[in-house]
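Letter by letter, the chains look like this.
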Amino acid sequence: MSDTAAIVAQCEAMFEDLSFTGVRAWKAAVPGRKVVGFMPFYVPRELIHAAGALPFGILGGGDQLEVIHGDAYYQSYICRIPRSTIELAVTGKLDMVDAMLFPSICDVIRNLSGMWKIMFPKVKARYLDVPQNFRADIGGTFYRGELGELRAMLAELTGKPATDDDLRASIRAYNANRRLVREVYAFRAAEPWKAPSSEVYLVMRAGMVLPVETHSKLLADYLAAAKASDRPKRDNSRIIVSGAFCEQPPLNLIKSIELAGCYIVDDDFMLVNRWEQSDVAEQGDPLAALADSYLRDSADTAAKYEPDQARKGRYLVELVKKRGAEGVIFAAPSFCDPALLERPMLQRVLASHDIPYIAFKYAENSGQMQPIREQAGTFADSIKLWS
Amino acid sequence: MSQKPPAADVVKEPSMLKQKEMIEANYERLSGAKAQGRKVASTFVPGNLNELIMCFDLANNLPEINAIQNGMRKKSGMLIMEAEKRGHSEDVCTYVKADLGMMAKGNLGPNGKPLPEPDVLLLSYTGCFTFMKWFELVREQYKCETLMLHVPYEGEGHATKSMRDYVVKQLKEVVIPGLEKVSGVKFDIDRLRQYLRESAKAEDDFVWVLESAKRRPSPIDAYFGGVYYIGPIFTAFRGTPDATEYYRLLRQEIAARIAQGQGPITPEGDFGQEKYRLVVEGPPNWTSFRDFWKMFHDEGAVVVASTYTKVGGLYDLGFRHDPDHPLESLADYCLGCYTNRNLPSRIDLIEKYVRDYEADGLLINSIKSCNSFSAGQLLVLREIERRTGKPAAFIETDLVDPRYFSAANVKNRLESYLQMIEQKRRGASPRAAA
Ligand code: SF4
Ligand code: SF4
């Protein structure tokens, strides 16, 4: 068993490596291997895995990447992730990617799918639509069809059509991974001093570049090490971070929130790794199982329609209760339509339950943390004062 | 400078008067709806199901049109600030904020009377994610029935059978039963067929009007004039005999202009000499619409084709509403709206316009509010220049937020662009610009 520091150091190295050496090494290890990149927030990674390819989560360039070319493609009022993603691609950092998936999250990523087709014609780019109708016989049928098309596209890419058995095996691998992810989240909520969010973030982020089996092992190791660790418990406030589901905040922002006296006890970073809230069925038609999970059991987030007004925003209230949180920090990327349009609705639901919140915006390359630290610090103090 | 009669001499053509009457009547219908026991639907322009809404005798309220009306009346700035004061981000679509601000300020329509509360929000989710959040925000206030029609995006550049089946199934099992419940009116497919027959007639004339811009001089301005021409067919009138009549009148007027070799009409009279032919991508700015237009016609620049006039339906590639396949054609209509097409298809369309309309180039009006249009436009610009060899230019404004319209900036950009076109002409043929 390794200690948390060693595991986290390994994850941090992967996080900082914008050449994605690990992904390249995975591909080079066996001739003919394919890498399938995907943007936040959700794609059915099981299909990629079953086709023998590596799902590779691309979450922008962070605060280390200088964006030069990418800015030539975007107006100043568009968020940063599409420009840094283009930067990564035009500077050759994604040249091992054979196909790219663009999930249905917002108009920026949607349009990026078409830009990719034009700018990188050798890479198979596909927009992945997900249903906003949640009836099995309507949205479910449509989504199963979409999954079928994706399966065919991946079969063509890898030359290895995934059988139903392959898919069920992949579902099992991802179920196992999601169980561990949930365990880490639950453990952090229970004993946040032993699993700081700046660490948990890096451990989760490693799942974007590692094969699922390797990542599961890493999660298990981290969990064991964190449980065994002996770190002082502080009198911090317990908060949830909401709105950071696409362009990621800089790691420093997460650290700043913690340094300001907050334990982050839940968040919506990298929702893909806990999109399905419980196990996807491991028997029967695997595509139907994935579609069914999407409809019934997937995470609530701004890019999904909530058909029932009475349930709008309830998930956040329920999460606050489940995690024993004392407040919510809305942290959204600047110019992020889904997060910023959703925010006032969530805030009103929180207010009606007397749950305190604060809000700010960031960019993946935000450098000035002082204002955020002050705002989060004041928030943490006020929670303590009134609790 | 072009020669124009003074503004006072401008005569309103019969089609203009007809449209004015139609719009006023619709606002009266809306403000009187509750007193007359009429139920009200709110819905969006792209992917609107006007024919279906009429089958249930619902009055049709279009929040985007209200925002535009408020923009043109210079009221939107205050409404947007009101919404921002209430916690809406400065970064998001100003149509949404103008609408929410209007609701907060008594929901007065352009006729000065309060608009009714909607009985149903028909959320046709075509071509833009913001629509979904917008109606969630409105629903939060009115707590009324909300019917989602999810129209998948044409990510691969075409609609598939699965997409069409999905939309039709939602129409059959969600939208129609929902509208029956709200209105108490039973759905009659023959009534729908009749409206669709009417729509197709208007669509034929509408396309004729748009394509008249292929002539030299163009008898229409397909952007600044075009936004009036799309009025009936994009809003609460498609499928009505009024709309058919409007397009018949419009076609007659334009035929007469062609016969006399005339260019477009502008708010300040006849256009004068056509010097530049442009294709424009993106919605217009509404708060300074007249000034914006004037910058073009002062320079003799006419817009011969625009993408904005395809946002509520793309008809010039051949699509027509089809009474023989009513629900399927509603699905195809929704799927084919301009911003529901992927970026390569949008570029192909613009390229076709530049060629078919013999344009001098492409001008992009990039709208701060609208990622659906704007994300990717700089690539559109490059591609069009590369493919056509014609110059392209970029201006940035907003829809209804006056804070983002800088007249001096726009004018400068436009003037340098027109100079670029001149240079290009001189390069290609020394006599062309003489
Ligand atoms: S940060 Fe927001 S607006 Fe930008 S690409 Fe992601 S979801 Fe879209
Ligand atoms: S973002 Fe664009 S398409 Fe969407 S509602 Fe606003 S103006 Fe309309």
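Residues numbered from 1 in each chain as written. Chains lettered and ligands numbered in written order. Predicted model: local features only at pLDDT ≥ 70, side-chain atom pairs only at ≥ 80, totals over all residues. Heavy atoms only, no water.

Chemist: So what's going on with the overall build of chain A? Which residues, and what values?
Modeler: The number of helices and strands found in chain A is 14 helices and eight strands. Taking 2.2 N^0.38 as the reference for a compact globule, 387 residues should give roughly 21 Å; the C-alpha atoms of chain A span a radius of gyration of 20 Å, in line with that estimate. Over its C-alpha atoms, taken along the principal directions, chain A stretches across nearly 60 × 50 × 45 Å. Within chain A, the fraction of its 387 residues that count as buried is 63%. A separation of at least 24 residues holds for 75% of the contacts in chain A among residues at least 6 apart in sequence. Just so you have it, chain A exposes about 13500 Å², and 53% of that area is on carbon and sulfur atoms. Between the centroid of the 46 positive side chains of chain A and the centroid of its 49 negative side chains there is a distance of 1 Å. (Helix = DSSP H or I, 4+ residues; strand = E, 2+ residues; numbered from the N terminus. Rg over C-alpha atoms; globule rule 2.2 N^0.38 Å. Buried < 20%, exposed > 50% of the residue type's maximum accessible area, 1.4 Å probe, protein only. Contact = heavy atoms within 4.5 Å. Areas by Shrake-Rupley, 256 points an atom, 1.4 Å probe, with all protein chains shown as cover. Lys, Arg positive; Asp, Glu negative; His and termini not counted. Charge placed at Lys NZ, Arg CZ, Asp CG, Glu CD.)

Chemist: Could you give me a rundown of the confidence of the model for chain B, with the residues and numbers involved?
Modeler: Residue and element names in this part refer to chain B. When pLDDT is averaged along chain B, the result is 95, and 96% of the positions lie at 70 or above. Here residues 1-8 is a poorly scored stretch, pLDDT under 50, and it has 20 contacts once near neighbours within four places are set aside; other chains count. Residue range residues 430-434 is modelled with pLDDT below 50. Its contacts to residues more than four positions away, or to other chains, number five contacts. As a predicted assembly, this complex carries a pTM of 0.96 together with an ipTM value of 0.97. (pLDDT = per-residue confidence, 0-100.)

Chemist: Quick one: what's the story with the domain arrangement of chain A, residue by residue and with numbers?
Modeler: Residue and element names in this part refer to chain A. Taken domain by domain, chain A comprises domain 1 (4-163) and domain 2 (166-189 + 232-286 + 295-386). Of the roughly 3200 Å² buried between domain 1 and domain 2 on both sides combined, carbon and sulfur atoms contribute 62%. Of all residues in domain 1, Phe-41, Glu-46 and Phe-134 bury the most surface against domain 2, accounting for 22% of the area lost on that side. With a shortest N-O distance of 2.9 Å, Arg-178 and Glu-46 are connected by a salt bridge. Put simply, the parts of the chain that give the side of domain 1 that touches domain 2 at least two residues each are helix 1 (4-16), helix 3 (45-50), helix 4 (81-90) and helix 6 (136-158). Looking at the side of domain 1 that touches domain 2 residue by residue, the class counts come to 22 nonpolar, 12 polar and nine charged. (Domains from an automatic or database assignment. Buried area = accessible area lost by both parts, 1.4 Å probe. Salt bridge = Lys/Arg side-chain N within 4 Å of Asp/Glu carboxyl O. Nonpolar A, V, L, I, M, F, W, Y, C, P; charged D, E, K, R; others polar.)

Chemist: Pulling in residues and values, what's your account of the site of ligand 2?
Modeler: The environment of ligand 2 is formed by Cys-93, Tyr-95, Cys-128, Thr-130, Phe-131, Trp-134, Ser-369, Cys-370 and Leu-399 of chain B. Of the residues assigned to the shell around ligand 2, the class counts are seven nonpolar, two polar and no charged. (Near = heavy atom within 4 Å.)

Chemist: Quick rundown of the site of ligand 1? Include the residues and the values.
Modeler: All names here are of chain A. For ligand 1, the set of nearby residues contains 13 residues, the closest of which are Cys-79, Cys-106, Ile-109, Cys-246 and Cys-336. Taken together, the elements giving at least two residues each to the shell around ligand 1 come down to helix 5 (107-119) and helix 13 (337-352). Grouping the constituent residues of the shell around ligand 1 by class yields 11 nonpolar, no polar and two charged. Inspection of the shell around ligand 1 shows a minimum of three residues originating in each of domain 1 (4-163) and domain 2 (166-189 + 232-286 + 295-386).

Chemist: Any chance you could break down the interface of chain A and chain B for me, citing the residues and the numbers?
Modeler: The partner chain B presents 57 residues to the 53 residues of chain A that form the contact. Both sides of the chain A and chain B interface together cover about 4800 Å² of buried area, and 56% of this is carbon and sulfur. Viewed at the interface, chain B and chain A are joined by eight salt bridges. With its nearest N and O atoms 3.0 Å apart, the salt bridge here joins Glu-156 of chain B to Lys-117 of chain A.

Chemist: Could you give an account of the environment of Val-168 of chain B, naming the residues involved and the relevant values?
Modeler: All names here are of chain B. Along the chain, Val-168 turns up in helix 7 (residues 161-183). On the basis of relative accessibility, which here comes to 8%, the residue Val-168 falls in the buried class. C-alpha separation for the pair Val-168 and Ser-329, spaced 161 residues apart in sequence, amounts to 9.1 Å. Filtering out sequence-adjacent residues up to four positions away, Val-168 remains in contact with Leu-327, Glu-328 and Ala-331.

Chemist: Kindly report on helix 11 (residues 241-259) of chain B, identifying the contributing residues and their values.
Modeler: Residues and elements named next belong to chain B. With 19 residues, helix 11 ought to run about 27 Å at 1.5 Å a step, and its terminal C-alpha atoms sit 27 Å apart, in line with that. All of the buried residues along helix 11 are Ala-243, Thr-244, Tyr-246, Tyr-247, Leu-249, Leu-250, Glu-253, Ile-254 and Arg-257. Just beyond helix 11, the residue with positive phi is Gly-261, at close to 65°. (Expected span 1.5 Å × (residues − 1).)

Chemist: So, the environment of Val-67 of chain A: which residues are in play, and what are the values?
Modeler: Residues and elements named next belong to chain A. In this structure, Val-67 sits in the loop between strand 2 (54-57) and helix 4. With relative accessibility at 12%, the residue Val-67 sits in the buried group. Note: C-alpha distance between Val-67 and Ile-171 (104 residues apart in sequence) is 37 Å. Other than its neighbours up to four places away in sequence, Val-67 contacts Arg-80, Arg-83, Ser-84 and Glu-87.

Chemist: Before we move on, could you go through the nonpolar core and cite the residues and values that matter?
Modeler: Among the nonpolar cores identified, the biggest contains 273 residues, and Phe-56 and Trp-116 of chain A together with Leu-52, Tyr-95, Phe-296 and Tyr-308 of chain B are the most heavily contacted of them. When residues in this core are grouped by element, the largest group, 10 residues, is from helix 7 of chain B. For this core, the two domains that each supply at least three residues are domain 1 (4-163) and domain 2 (166-189 + 232-286 + 295-386) of chain A. Leaving out residues up to four positions away in the same chain, Tyr-95 of chain B has contacts with Glu-64, Ala-67, Ile-68, Trp-134, Trp-286, Tyr-308, Leu-399 and Val-400 of chain B. (Core = buried A, V, L, I, M, F, W, Y, C linked by side-chain atoms within 4.5 Å.)

Chemist: Summarise helix 12 (residues 289-298) of chain B; cite the residues concerned and give the values.
Modeler: Count 3.6 residues to each turn of an α-helix, and residues three or four apart come out pointing the same way. Residue and element names in this part refer to chain B. Most of helix 12 sits out of view: seven of its 10 residues are buried. Looking at helix 12, one finds that the buried residues are Phe-289, Phe-292, Trp-293, Met-295, Phe-296, His-297 and Asp-298. At the C-terminal side of helix 12, Gly-300 shows a positive phi close to 75°.

Chemist: Please provide a residue-by-residue account of the sheet that holds strand 4 (residues 124-128) of chain A, values included.
Modeler: All names here are of chain A. Pairing is parallel across the open sheet formed by four strands, whose spatial order is 2-1-3-4. At either margin of the open sheet sits one strand with a lone partner, and together these are strand 2 and strand 4. Recorded for the sheet is a direction-independent mean angle of 25° between the axes of neighbouring strands. Summarising the sheet, strand 1 (residues 35-38) and strand 2 pair through four bridges and their orientation is parallel. Bridging from a neighbouring strand, Phe-38 pairs with Gly-57 of strand 2. (Pairing = 2+ DSSP bridges. Axes fitted to C-alpha atoms, helices over the stretch in contact; angles between N-to-C directions.)

Chemist: I'd like to hear about the pairing of strand 7 (residues 276-281) of chain B, residue by residue, with values.
Modeler: Within a regular strand, side chains alternate between the sheet's two faces. Residues and elements named next belong to chain B. With six of six residues buried, strand 7 is to be regarded as a mostly interior element. With five bridges joining them, strand 7 and strand 8 (residues 301-306) adopt parallel strand pairing. When the bridges of strand 8 are listed, Val-279 appears paired with Ala-305. Between strand 7 and its parallel partner strand 8, the chain crosses via helix 12, and the hand of that crossover is right-handed. When strand 7 meets strand 9 (residues 361-367), the two strands line up parallel, connected through four bridges. The residue bridging Val-279 from the neighbouring strand is Leu-362, located in strand 9. (Right-handed = clockwise from strand over helix to strand, strands pointing away.)

Chemist: Just give me the short version of unusual backbone geometry, but keep the residues and values in it.
Modeler: In most cases, non-glycine residues show a negative phi, while peptide bonds are predominantly trans. Following Pro-40 of chain A, the chain continues to Phe-41 of chain A via a peptide bond in cis, the omega torsion being 15°. Relative to the helices and strands, Phe-41 of chain A is located in the loop between strand 1 and helix 3. Note the cis peptide between Arg-216 of chain B and Pro-217 of chain B, where omega equals -5°. With respect to the secondary-structure elements, Pro-217 of chain B resides in the loop between helix 8 (189-211) and helix 9 (226-229). Phi at Asp-354 of chain A takes a positive value of approximately 55°, unusual for a residue other than glycine. Its place among the elements puts Asp-354 of chain A in the loop between helix 13 and strand 8 (357-362). Accessibility expressed as a relative area gives 70% for Asp-354 of chain A, which makes it exposed.

Chemist: How would you summarise the pattern of salt bridges if you had to cite specific residues and measurements?
Modeler: Residues and elements named next belong to chain B. For the structure shown, the criterion picks out 75 salt bridges over all chains. Taking the shortest distance from any N to any O, the salt bridge between Glu-383 and Arg-387 comes out at 3.3 Å. Of this pair, Glu-383 and Arg-387 are both found in helix 16 (residues 377-388), four residues apart, which corresponds to roughly one turn of the helix. Taking the relative accessible area as the measure of exposure, Glu-383 reaches 9% and is therefore buried. Arg-387 gets classed as partly exposed once you look at its relative accessible area, which sits at 24%.

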